[in-house]
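The residues making up each chain are set out below.
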Amino acid sequence: MTRTVYVNGKYLPENEATVSIFDRGFLFADGVYEVTSVLDGKLIDFDGHARRLARSMGELGMRNPIATEDLLEVHRELVRANGIVEGLIYLQITRGAAADRDFAYPSEDTPPTIVLFTQNKPGIADSPMAKTGIKVISIEDQRWARRDIKTVQLLYPSMGKMMAKAAGCDDAWMVEDGAVTEGTSNNAYIVKGGKIITRHLSDDILHGITRAAVLRFAREAQMEVEERAFTVAEAQDSDEAFFTSASAFVMPVVELDGAAIGTGAPGPVAIRLREIYLDESRKVAI
Ligand code: PDD
C-alpha cells in the first residue's frame, strides 16, 4: 500500500514526496525528530513529544515552523489517511535547504523542512519480545555530548544495533566513564531489591517521554525509584532489567554481555510497568 506522507504543508503519496539535496538534514544532520506511538488509532503522549520537539529546536536555535495544534492535526490526518490502528508516527524537522552547502546556518528566512510519515505496526502492544525479553551487549558511548537534544545524527546508534546483531543480541547499552548512559534508542533501567534504578537526567541522555510517564506510574504504584547512574556489573547482578521507548513501551532485558539477569526471564516489575503504562496511556490517548 502506498502511504500518504506529509511534506512541508502537503499530503502526498510517499513516492511523490521529495526533499532538496541541499537540505541541511541530509548534508549536516541538522535536524530534530520525534517518534510517537499510536494505539487504538490514537496518539500516545502527544503533548510530551510536542514539548520535547520545541525544546530540541530551541536548543539548536531552529525556527519552529508549526503550531502544536496544527502538528496534532497533521498527526491525526496521517493516522486517518493510512488507517493506522497500532503503529508509529515519525516526524522530522530540519533547518531547511540553503542555496548551497555551507557549514554556517542559512539566513533566518530559510523555511525549515518538515516531514511526517506513519509506520504501520499491528501487534506492537502485544509484542512477543515483551514476553521473552531481549538480550543486550554493552558498548562504549561514542556519541556527541548533547544527547538531550533529539537530533537525527543516529549513525552511532545504528552502528550499536549492528554490533548487537553481530553478537547475536537485540540491542546495545552504551557505557561512559564506567556507567550505562542509555540504550541505542531507549532509556535503561535495573531493579534491585524492589527498587527501580535509572540514570538521572542530564545532557548525557535523552529525556525519554516514556521514561517520564513510567516513573510517574511507578511512584503512583508506591514503587521505589532511584535516579542515578549504574554500572554494567551492577546491572548483571540486578534482579531484573528493562528499557523504555515510545516504540517499544516497557521492554524486559534478560541478558547483558552474555550474563543472565535475575532468573533470565522478564521480571515482575517490568511486566507490571508495561501493563500499567499501556493501560494508563490508552486511557488518555488523543
Ligand atoms: N528513540 N534514548 C534514546 C537515545 C532514544 O533514541 C529514545 C527514543 C529514547 C526513549 O525516548 P522516548 O521514550 O521519548 O521514545 C531514549 C526513538 C523511539 C527512536 O529513535 O525510534
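Residues numbered from 1 in each chain as written. Predicted model: local features only at pLDDT ≥ 70, side-chain atom pairs only at ≥ 80, totals over all residues. Heavy atoms only, no water.

Describing the site of the ligand
And step 1. What surrounds the ligand is a group of 20 residues, the closest being Tyr33, Glu182, Ile209, Thr210 and Ala246.
And step 2. Between the ligand and Arg52 there is a distance of 2.8 Å, counted from an oxygen atom to a side-chain nitrogen or oxygen.
And step 3. Between Ser185 and the ligand, the recorded distance is 3.3 Å, taken from a backbone N or O atom to a nitrogen atom.
And step 4. When the free accessible area of the ligand is taken as 470 Å², the share hidden by the protein chains comes to 90%.
And step 5. Listing elements by their share of the shell around the ligand, those giving two or more residues are β3 (31-39), α2 (46-59), β9 (179-183), α6 (209-220) and β13 (240-245). (Near = heavy atom within 4 Å. Polar contact = N/O pair within 3.5 Å; in protein donor to acceptor, adjacent residues only side chain to side chain. Areas by Shrake-Rupley, 256 points an atom, 1.4 Å probe, with all protein chains shown as cover. Helix = DSSP H or I, 4+ residues; strand = E, 2+ residues; numbered from the N terminus.)

Some thoughts on the pattern of salt bridges
And step 1. All chains considered together, the criterion is met by 25 salt bridges.
And step 2. Linking Asp203 and Arg146 is a salt bridge whose minimum nitrogen-to-oxygen distance equals 3.6 Å. Of this pair, Asp203 sits in the loop between β11 (195-198) and α6 while Arg146 sits in the loop between β7 (134-140) and α5 (155-166), and the two are 57 residues apart along the sequence.
And step 3. Take Asp203: its relative accessible area is 35%, and that puts it in the partly exposed class. (Salt bridge = Lys/Arg side-chain N within 4 Å of Asp/Glu carboxyl O. Buried < 20%, exposed > 50% of the residue type's maximum accessible area, 1.4 Å probe, protein only.)

Points about unusual backbone geometry
And step 1. One non-glycine residue with positive phi stands out, namely Phe249, at about 60 degrees.
And step 2. Within the element layout of this structure, Phe249 appears in strand β14 (residues 249-256).
And step 3. Taking relative accessible area as the criterion, Phe249 reaches 0% and is therefore assigned buried.
And step 4. The backbone phi angle of Asp257 is positive, close to 50 degrees, even though this residue is not glycine.
And step 5. One can find Asp257 in the loop between β14 and β15 (259-260).

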